[in-house]
Amino acid sequence: MSNPGDRRGGAVFIDTAHVYLKAGKGGNGASSFRREKYIPYGGPDGGHGGRGGSVWFVATSNVTTLREIAFHPHITAGDGSPGGGNRRDGAYGEDKTLYVPLGTVVKRDGAVLADLKEEGQRFCVAKGGRGGRGNTAFKTRFNTAPKISENGEPGEEFEAWLELSVLADVGLVGFPNAGKSTLLAAVSAARPKIAGYPFTTLSPNIGMVAHKGKGFAAADIPGLIEGAHEGKGLGDLFLKHVLRTKLLVHLVDPAGFGDLKPEKAVRVIEKELKEFHPLLAKKTTLLAVNKADLPEAEAVHALLAKKFKKREVFLISAATGKGVPRLLDRIIKLLPSIKEEELYKPESAPAPAARRGGFSVERAGDGAFLVSGPRIEKLIAMTNFAQPDSWDRLRRIFRTIGLDKALKKAGAVEGDMVRVGPREFEWSDAALPTGRPSKFAYKYRKFDPDSGIA
Ligand SMILES: Nc1nc2c(ncn2[C@@H]2O[C@H](COP(=O)(O)OP(=O)(O)OP(=O)(O)O)[C@@H](O)[C@H]2O)c(=O)[nH]1
Ligand SMILES: [Mg+2]
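Residues numbered from 1 in each chain as written. Chains lettered and ligands numbered in written order. Predicted model: local features only at pLDDT ≥ 70, side-chain atom pairs only at ≥ 80, totals over all residues.

Visitor: How should the overall build of the chain be read in this particular structure?
Guide: A count of helices and strands for the chain gives 10 helices and 19 strands. Split into buried and exposed, the 454 residues of the chain put 41% on the buried side. A separation threshold of at least 6 residues defines the contact pool for the chain, and within that pool the share at least 24 residues apart is 68%. (Helix = DSSP H or I, 4+ residues; strand = E, 2+ residues; numbered from the N terminus. Buried ≥ 20, exposed ≤ 12 C-beta atoms within 10 Å, placed from the backbone. Contact = placed C-beta atoms within 7 Å.)

So this is what it looks like as structure tokens:
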């Protein structure tokens, strides 16, 4: 889901992105033998494949929206190169690095993979595959001339969701035209657009405020009106950005908003915040009556102070600066007292249980046996089916990990089909062909409809 964002002035603020990540496949290992004049029995010299490139996200304050990523959602890292003869290893695949704004949360199937908050924080989101081993790696005392090499491991490939919630210590809220942008501009270097009509600001602005040797980030959250939590005005597009702030400054226009008198206006905003998320009602909130230079401001300040006993109520003028230092004094005093654990954490589904070593066997509709499990699927992907010796090795591994037993237990009989990943095998009790070490029974005959190897 992406949002329309602020299309004025060219900059589009986008705070969600749905991406397709594909890390690089490892290069295939080589099977080769040293052939040189006067060097008999040269031995295996097939190099390893290079590892595939990974996809990285790096958090930086230089980027403020997910726009680039949302518009280019297919993110691919480079494949590793194959190994060669003469022990030449393949080159590594190129990593892909993307810069994301501070406050970007990365999710996969609803589970949070990363919450990128620190400047320069790097996260390897999709890992490149390992390079396949060349035949040099398969040399043993018993087999000094192995014709076995692995294919490269596939890179991780999945869809992810990025969600940005701007990271600010202080959120400026209030009805449109209350003077939020004016205040932000007065206390920081941010230069949001300011004008005497509502909805001037269409996306959050962040400014760094320095006051008496202390610093904090403040965000101007636009577009709050009655019904915002259900999508009115700019709706709740930006409300999520106040979730992670430590405190709120609620600016009040002494003239009220439309027909709403200031007192009622304050209640409406407070209700909107609460409806959006109960945590917002609990957040420390300072009320600030703005436009102190207007004649009615003082009375409004006195009234609100009386009506909202639980709130601290300030009287400021964002335009003239009156009362602003006192408000900032209070903010820098309060900020350190707000505990990290009270703050909003991105909601996360439980991470899928890592299925590691094991595999499962189930019966498909057509009677074939489906074998699945990350490790065994990876094994299949890395097997070079063009090499008879690799086949032997695969059969041996099948046996060692207990697949033969499991299939037998599941009722497999001679001639049944067994599927693992994209490959299909015919199950057989046939004896070993001659000339092979007879320790391992040949249980699988090669059968692969895609490649036609049979
Ligand atoms: N008299 C007076 N006017 C002010 C003061 N602060 C802001 N204003 C004016 O109020 C109007 C609205 O100010 P903005 O800062 O754009 O208000 P906002 O809350 O950011 O409004 P939106 O972006 O529309 O949500 C502008 O015309 C400002 O010049 C103040 O202290 N005194
Ligand atoms: Mg504004």
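On we go from here.
Visitor: Looking at this model, I keep getting lost on unusual backbone geometry. Mind explaining?
Guide: Positive phi is not limited to glycine here, since R87 has a value of about 60°. Secondary-structure assignment places R87 in the loop between β3 (74-76) and β4 (96-101). Overall, R87 belongs to the partly exposed group, with 16 C-beta atoms counted inside 10 Å. Backbone geometry places K291, a non-glycine residue, at a positive phi of 65°. As for its position among the elements, K291 is in the loop between β13 (284-289) and α6 (297-307).

Visitor: Where do I start with the site of ligand 1 in this structure?
Guide: Taken together, the neighbourhood of ligand 1 is formed by 22 residues, with G179, S181, G196, T201 and A319 sitting nearest. When the residues that make up the shell around ligand 1 are grouped by side-chain class, the tally is 10 nonpolar, nine polar and three charged. (Near = placed C-beta within 6 Å. Nonpolar A, V, L, I, M, F, W, Y, C, P; charged D, E, K, R; others polar.)

Visitor: Hey, could you run me through the sheet that holds strand β2 (residues 55-60) in this one?
Guide: Whenever strands of a sheet pair, they do so through backbone hydrogen bonds, lying parallel or antiparallel. The sheet built from three strands is open, its strands ordered β4-β2-β7 with mixed pairing. The open sheet has two edge strands, β4 and β7 (122-126), and neither has a second partner. With strand direction ignored, the average angle separating the axes of adjacent strands in the sheet is 30°. Where β2 meets β7, four bridges bridge the pair, whose relative direction is antiparallel. Bridge pairing in β7 links W56 to C124. (Pairing = 2+ DSSP bridges. Axes fitted to C-alpha atoms, helices over the stretch in contact; angles between N-to-C directions.)

Visitor: Even after reading the chapter, I still don't get helix α7 (residues 324-334), so can you show me in this structure?
Guide: In an α-helix, one turn spans 3.6 residues, which is why side chains three or four residues apart end up on the same side. Within the sequence span of α7, burial applies to V324, L328 and I331. In an axial view of α7, the angular spread of the buried residues amounts to 60°, which keeps them on one side of the axis. Buried residues along α7 sit against β9 (170-173), α2 (180-187), β10 (205-211), β11 (214-220) and β12 (247-252). (Arc of directions from axis to C-beta.)

Visitor: It is not clear to me how helix α8 (residues 374-381) should be interpreted in this structure. Could you clarify?
Guide: Within α8 the residues assigned to the buried category are I376, L379 and A381. Considering only its buried residues, α8 is in contact with β16 (369-372), α9 (388-400) and β17 (417-420).

Visitor: Got a minute to help me understand the nonpolar core in this structure?
Guide: Nonpolar side chains in soluble globular proteins tend to be buried together. If you look at the biggest cluster of nonpolar residues, it comprises 73 residues, and the most contacted ones within it are L162, L172, A218, V252 and V289. Looking at this core element by element, the count peaks at five residues for helix α4 (residues 262-276). If you count residues domain by domain, this core takes at least three from each of domain 1 (8-164) and domain 2 (170-342). Membership of the second largest hydrophobic core comes to 15 residues, among which are F369, V371, L394 and L407. (Core = buried A, V, L, I, M, F, W, Y, C linked by C-beta atoms within 7 Å. Domains from an automatic or database assignment.)

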